[in-house]
Amino acid sequence: MYPQELLYTREHEWIRVDELTGTIGITDHAQKELGDIVFVELPKVGDQVVARESFGTVESVKAVSDVYSPVTGEVVAVNKKLQESPELLNADPHGEAWLIKVRLRDRKETEGLMTAEQYEAYVREGAGH
Amino acid sequence: MATPAGLTLKRTALYEAHRAAGARMVEFGGWEMPLEYTGIMQEHLAVRTRAGLFDVSHMGEIELRGSGALALLQYVTSNDVARLAVGQAQYTALMYPQGSAVDDCLVHRLAEDHYLLCVNAANTEKDFEWITRHNSWGASVRDVSHEYSQLALQGPRAAAILARLTDADLGAIKYYCFRPATCCGVGGLLARTGYTGEDGFEFYFPPSESERVWSALLDAGKPDGLLPAGLGARNTLRLEAAYPLYGHELDEETTLLEAGLGWICKFDKGEFLGRAALLAEQQHGLRKKLVGFEMLGRGIARDGYPVWIGGEPAGRVTSGSYAPFLRRNIGLAYVLPSEAAVAGREIAVEIRGQRVAARLVPLPFYKRTAKS
């Protein structure tokens with residue numbers, strides 16, 4: 001269910017780290033909890049994001065949800081497809097519907113994040129509500 | 001599930017059926033209710049294009065009987081109950097003396113001296129106490145909520161689906177009329193009413209038969225694409241139709257005139273609670289008025305967001321959402337009455353600190369086209 005190569009936060013974001021670039025998205029659990037996603041607001045390329053601080057908003061028909069960055073760094077890419085097709089977040093949250101790519105300031109920041117197994121257990125226990 | 005106050009939530013007779021159908025449950029008005037089954041978007045579109053079935057058994061029912069019932073109802077509500085024939089229903093408001101609503105509700109005239117009110121779940125006790133407190137006419141007033149389950153079958157296919165299960169001649173039940181009828185053999189009251197902006201029916205019947213009626217309707221509607229629908233879709237549907245929701249567009253602070261409900265204020269019927277306050281307001285002008293808007297810029301307006309007109313703070317959003325059928329971001333707001341607060345004018349809604357452009361539009365946002 002949850003890809004092995006990703007790391008996960010307690011707020012239901014994921015990050016995939018390649019060298020010094022982190023790709024960030026929301027988890028399948030997050031999209032299920034939100035329901036039909038109809039709006040995504042993301043930062044611009046060049047903006048700074050800070051670990052554990054909100055960098056954007058995902059809205060379903062019913063709810064508004066902040067998205068928190070797992071790491072600190074500079075935004076180097078934004079998934080423009082989501083502006084026209086926010087429903088991609090329901091269809092493929094761990095793949096095509098990534099949110100932003102960030103140049104990491106400090107790789108060590110990812111050390112406290114959960115592995116796929118840990119996150120799966122965390123969700124199963126019903127944590128984060 | 002428990003509320004923050006530690007109170008146990010009430011459940012309808014269909015609680016288990018909802019869980020089995022995979023519904024996501026939420027707290028609403030002290031009840032644990034289905035928010036969505038397959039998704040708000042799908043359920044909303046099913047109601048607009050085919051049909052949806054809602055469990056609305058959380059709604060309260062209050063019965064008034066006796067020779068004083070009409071006089072009592074005339075005094076506590078704003079609409080003219082005397083205009084109702086037996087078998088007719090009426091949208092009205094239970095009134096405070098200051099011209100605001102204790103609740104908005106439907107009055108059904110069951111017999112000459114026998115009425116049934118359908119009221120908002122969260123307001124049932126308050127309504128019952130309010131009516132009882134003003135009962136100077138010796139009417140019998142009973143909270144009979146536990147005696148009724150209520151299902152709402154809504155959408156362009158609703159009549160065709162229901163026709164397979166009922167003994168009633170549906171063509172003879174006009175909009176806002178009702179009659180005793182059966183559905184899959186279960187007797188109840190069948191009304192051509194709803195809260196979605198579509199044609200449809202609301203069926204009041206004994207709770208013990210809930211699962212039977214619910215399953216029979218879902219099965220009968222399967223070929224038509226009928227879906228069970230939750231409170232999420234019920235809210236987006238009523239918003240597209242611009243129906244007020246108590247606690248959002250209506251509350252103790254808001255008069256019926258401000259809410260655009262002057263059409264249910266029948267001043268010529270005689271004295272009623274709030275009459276003098278409403279007449280005075282009519283003369284001196286409104287303090288605020290309900291407007292509809294659609295977003296021009298990117299963003300969804302939500303309840304409580306500030307509204308700006310001509311660079312000045314002008315009010316607040318009371319309901320806002322993405323509208324699944326209209327595919328626009330829409331909302332209702334109370335603003336200061338002014339020449340700038342009219343349909344066509346551009347305004348701004350403050351979303352997370354940013355003012356985003358929107359335009360005032362005529363209400364309702366959605367109106368179904370009459371059957372040819």
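Notes on the structure in this doc start here. Remember, it's a predicted structure, so these values are computed and weren't measured experimentally.

A short note on the overall build of chain B
Okay, step 1: Helices and strands together make up the secondary structure of chain B, namely eight helices and 19 strands.
Okay, step 2: Principal-axis analysis of the C-alpha atoms gives chain B an extent of 60 × 50 × 50 Å.
Okay, step 3: Going through the 372 residues of chain B one by one, you find that 58% of them count as buried.
Okay, step 4: Across chain B, the fraction of contacts at a sequence separation of at least 24, relative to all contacts at a separation of at least 6, is 64%.
Okay, step 5: For chain B, the distance from the average site of its 39 positive side-chain charges to the average site of its 42 negative ones is 6 Å.

Focus on the overall build of chain A
Okay, step 1: A count of helical and extended segments in chain A gives four helices and nine strands.
Okay, step 2: Over its C-alpha atoms chain A spans a radius of gyration of 13 Å, differing by no more than 12% from the 14 Å that the globule rule assigns to 129 residues.
Okay, step 3: Principal-axis analysis of the C-alpha atoms gives chain A an extent of 35 × 35 × 20 Å.
Okay, step 4: A burial count over chain A gives 50% of its 129 residues as buried.

Quick notes on the interface of chain B and chain A
Okay, step 1: Between chain B and chain A, the residue contacts involve 17 residues of the former and 16 residues of the latter.
Okay, step 2: Across the interface of chain B and chain A, roughly 1400 Å² is buried in total on both sides, 49% from carbon and sulfur atoms.
Okay, step 3: Among the residues chain B hides against chain A, the three largest losses belong to Arg298(B), Arg302(B) and Arg352(B). Together they make up 43% of the total.
Okay, step 4: A salt bridge links Arg302(B) to Glu59(A); the shortest N-O distance between them is 2.8 Å.

As for the nonpolar core
Most often, soluble globular proteins have nonpolar side chains that are buried together.
Okay, step 1: Ranked by internal contacts, the top residues of the largest apolar core, which has 72 residues, are Leu64(B), Leu117(B), Ile131(B), Leu256(B) and Leu278(B).
Okay, step 2: Residues in contact with Leu256(B), not counting those within four places in the same chain, are Ser78(B), Ala93(B), Met95(B), Gly99(B), Ala101(B), Leu261(B), Gly262(B), Ile264(B), Cys265(B) and Leu278(B).

Focus: the sheet that holds strand β6 (residues 101–111) of chain B
All names here are of chain B.
Okay, step 1: A sheet is described by the order of its strands in space; here five strands give the open sequence β5-β6-β7-β4-β8, paired in antiparallel fashion. Every interior strand has two partners, whereas the edge strands, β5 (89–95) and β8 (140–143), have only one. When the angles between neighbouring strand axes are averaged without regard to direction, this sheet yields 30 degrees.
Okay, step 2: In terms of strand pairing, strand β4 (residues 60–65) meets β8 through four bridges, oriented antiparallel.

A few points about helix α6 (residues 210–221) of chain B
Okay, step 1: Given a rise of 1.5 Å per residue, twelve residues ought to cover 16 Å, and the 17 Å separating the end C-alpha atoms of α6(B) matches this to within 8%.
Okay, step 2: Listed as buried for α6(B) are Ser210(B), Val213(B), Trp214(B), Ala216(B), Leu217(B), Leu218(B), Ala220(B) and Gly221(B).

Considering the packing of aromatic side chains
Residue and element names in this part refer to chain A.
Okay, step 1: One pass over the structure, following the stated rule, counts 14 aromatic pairs over all chains.
Okay, step 2: Measuring from ring centre to ring centre gives 4.8 Å for Tyr8 and Tyr119, while their planes differ by 10 degrees; the resulting arrangement is stacked. Placement of Tyr8 in strand β1 (residues 7–8) and of Tyr119 in helix α4 (residues 116–124) is noted, with a sequence separation of 111 residues between them. Residue Tyr8 shares its accessibility class with Tyr119, and that shared class is buried.

Comments concerning the sheet that holds strand β19 (residues 354–361) of chain B
Residues and elements named next belong to chain B.
Okay, step 1: On the basis of which strands lie adjacent, the closed barrel formed by six strands has the order β14-β17-β16-β15-β18-β19 and antiparallel pairing. Adjacent strand axes in the sheet meet at a mean angle of 45 degrees, parallel and antiparallel pairs treated alike.
Okay, step 2: Bridge count for strand β15 (residues 306–309) against strand β18 (residues 346–351) is two bridges, and the pairing is antiparallel. What sits directly across from Trp308, in β18, is Ala348.
Okay, step 3: Lying over the sheet, helix α7 (residues 231–240) contacts β16 (312–323) and β17 (328–335), oriented at roughly 125 degrees with respect to β16.

Considering the pairing of strand β4 (residues 37–41) of chain A
All names here are of chain A.
Okay, step 1: Buried residues dominate β4, accounting for four of its five residues.
Okay, step 2: Bridge analysis of β4 against strand β6 (residues 54–60) gives four bridges, and the strand direction is antiparallel. Within β6, the residue paired with Val40 across the bridge is Val58.

Let's talk about the packing of helix α2 (residues 40–49) of chain B against α7(B)
Residues and elements named next belong to chain B.
Okay, step 1: Look at α2 against α7: their axes get within 8 Å of each other, and the N-to-C directions meet at 55 degrees. The orientation of α2 relative to α7 falls into the category oblique. Here the hand of the crossing between α2 and α7 comes out right-handed. Between α2 and α7, the residues in contact are Ile40, Glu43, His44, Val47 and Arg48 and Gly232, Ala233, Thr236, Leu237 and Glu240, respectively.
Okay, step 2: For the contact of α2 with α7, the residue count by class is four nonpolar, three polar and three charged.

A word on the pattern of salt bridges
Residues and elements named next belong to chain B.
Okay, step 1: Applying the stated criterion across every chain, the model contains 27 salt bridges over all chains.
Okay, step 2: Notably, a salt bridge pairs Arg24 with Glu36, separated by 3.1 Å at the nearest N-O pair. In this pair, Arg24 is assigned in strand β1 (residues 24–28) and Glu36 in strand β2 (residues 31–36), connecting sequence segments twelve residues apart.
Okay, step 3: We classify Arg24 as partly exposed; its relative accessible area is 24%.

Notes on the side chain of Glu258(B)
Okay, step 1: By the element assignment, Glu258(B) lies in the loop between α7 and α8 (275–284).
Okay, step 2: A polar contact is formed between the side chain of Glu258(B) and the side chain of Arg287(B), at a distance of 3.0 Å.

Topic: the environment of Asp268(B)
Residues and elements named next belong to chain B.
Okay, step 1: Of note, Asp268 is situated in the loop between α7 and α8.
Okay, step 2: Judged by its relative accessible area of 65%, Asp268 falls in the exposed class.
Okay, step 3: The spatial distance from the C-alpha of Asp268 to the C-alpha of Ala71 is 15 Å, given a sequence separation of 197 residues.

Thoughts on the pairing of β1(B)
Residue and element names in this part refer to chain B.
Okay, step 1: With five bridges connecting them, β1 and β2 associate as antiparallel partners. Considered in β2, the bridge of Met25 is made with Pro34.
Okay, step 2: The turn joining β1 and β2, which pair antiparallel and follow one another in sequence, is formed by two residues; a positive phi near 55 degrees is taken by Gly29.

Re the environment of Glu112(B)
Okay, step 1: Here Glu112(B) is to be found in the loop between β6 and β7 (114–119).
Okay, step 2: Judged by its relative accessible area of 54%, Glu112(B) falls in the exposed class.

Examining unusual backbone geometry
Okay, step 1: Of note, the bond from Leu363(B) into Pro364(B) is cis; its omega dihedral lies within 30 degrees of zero at -5 degrees.
Okay, step 2: Here Pro364(B) shows up in the segment after β19.
Okay, step 3: In this model, His12(A) sits at a positive phi of 75 degrees, which is unusual for a non-glycine residue.
Okay, step 4: As for its placement among the helices and strands, His12(A) is situated in the loop between β1 and β2 (13–18).
Okay, step 5: The exposure class of His12(A) is buried, given its relative accessible area of 10%.
Okay, step 6: If you check the backbone angles, Tyr176(B) has positive phi at about 65 degrees while not being a glycine.

Definitions and cut-offs
Residues numbered from 1 in each chain as written. Chains lettered and ligands numbered in written order. Predicted model: local features only at pLDDT ≥ 70, side-chain atom pairs only at ≥ 80, totals over all residues. Heavy atoms only, no water. Helix = DSSP H or I, 4+ residues; strand = E, 2+ residues; numbered from the N terminus. Buried < 20%, exposed > 50% of the residue type's maximum accessible area, 1.4 Å probe, protein only. Contact = heavy atoms within 4.5 Å. Lys, Arg positive; Asp, Glu negative; His and termini not counted. Charge placed at Lys NZ, Arg CZ, Asp CG, Glu CD. Rg over C-alpha atoms; globule rule 2.2 N^0.38 Å. Buried area = accessible area lost by both parts, 1.4 Å probe. Salt bridge = Lys/Arg side-chain N within 4 Å of Asp/Glu carboxyl O. Core = buried A, V, L, I, M, F, W, Y, C linked by side-chain atoms within 4.5 Å. Pairing = 2+ DSSP bridges. Axes fitted to C-alpha atoms, helices over the stretch in contact; angles between N-to-C directions. Expected span 1.5 Å × (residues − 1). Phe/Tyr/Trp six-rings, centres within 6.5 Å; stacked < 30°, edge-to-face > 60°. Parallel < 35°, antiparallel > 145°, perpendicular 65-115°, else oblique. Left-handed = near helix turned anticlockwise from the far one by under 90°. Nonpolar A, V, L, I, M, F, W, Y, C, P; charged D, E, K, R; others polar. Polar contact = N/O pair within 3.5 Å; in protein donor to acceptor, adjacent residues only side chain to side chain.

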